[in-house]
Amino acid sequence: PLSSPQAFPLPSLPRKQPTVLVVCGPAQNGAIGLVCARHLRVFDYEPTIFYPKRSQDPLYQDLTTQCEKMDIPFLSYLPTEVQLINDAYNAVVDAVLGTEAQVAEGREPC
């Protein structure tokens, strides 16, 4: 398998650094990431979204607008230095490719 999904109950994420990076792909898994970011915001976490290849689908655009209206920031680039991500975020949500994805689907920028 290409992925090993794990679920973390929200109480297990420390409140002293409630930052979460949500990395979204262009397809359905990315839309799920946008919804995840909204829910994290509702539960007083501080999500940031990296969504490099935005879908033109109206539903996905609406989800993006909802996140923007909730003041969830979007990164214009993903830091290449892993330590910067570790220092800035307590958790990372991988919403790029689904569990059924093939390796060939992971093209730039995803």
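Residues numbered from 1 in each chain as written. Predicted model: local features only at pLDDT ≥ 70, side-chain atom pairs only at ≥ 80, totals over all residues. Heavy atoms only, no water.

As recorded by an unreviewed UniProt entry, the protein carries the name YJEN3 protein and is attributed to Bucco capensis.

Attention shifts here to the packing of helix α1 (residues 28–42) against helix α2 (residues 58–69). The geometry of α1 relative to α2 is characterised by a closest axis approach of 10 Å and an angle of 25° between their N-to-C directions. Considering their axes alone, α1 and α2 lie roughly parallel with respect to each other. Seen along the crossing, α1 lies across α2 with a hand that is left-handed. Residues Q28, A31, L34, V35 and R38 of α1 lie in contact with α2, whose contacting residues are Y60, L63, T64, Q66 and C67. Its residues assigned to classes, the contact of α1 with α2 comprises six nonpolar, three polar and one charged. (Axes fitted to C-alpha atoms, helices over the stretch in contact; angles between N-to-C directions. Helix = DSSP H or I, 4+ residues; strand = E, 2+ residues; numbered from the N terminus. Parallel < 35°, antiparallel > 145°, perpendicular 65-115°, else oblique. Left-handed = near helix turned anticlockwise from the far one by under 90°. Contact = heavy atoms within 4.5 Å. Nonpolar A, V, L, I, M, F, W, Y, C, P; charged D, E, K, R; others polar.)

Moving on to the sheet that holds strand β3 (residues 74–75). The four strands are arranged β3-β2-β1-β4 in an open sheet whose pairing can be described as parallel. With one partner strand each, in any of the chains shown, β3 and β4 (91–95) form the two edges of the open sheet. Pairing analysis gives two bridges linking strand β2 (residues 46–50) to β3, with the strands arranged parallel. Counterpart to I49 in the pairing with β3 is F74. Across the sheet, α1 touches β1 (19–24), β2, β3 and β4, and the angle it forms with β1 is around 160°. (Pairing = 2+ DSSP bridges.)

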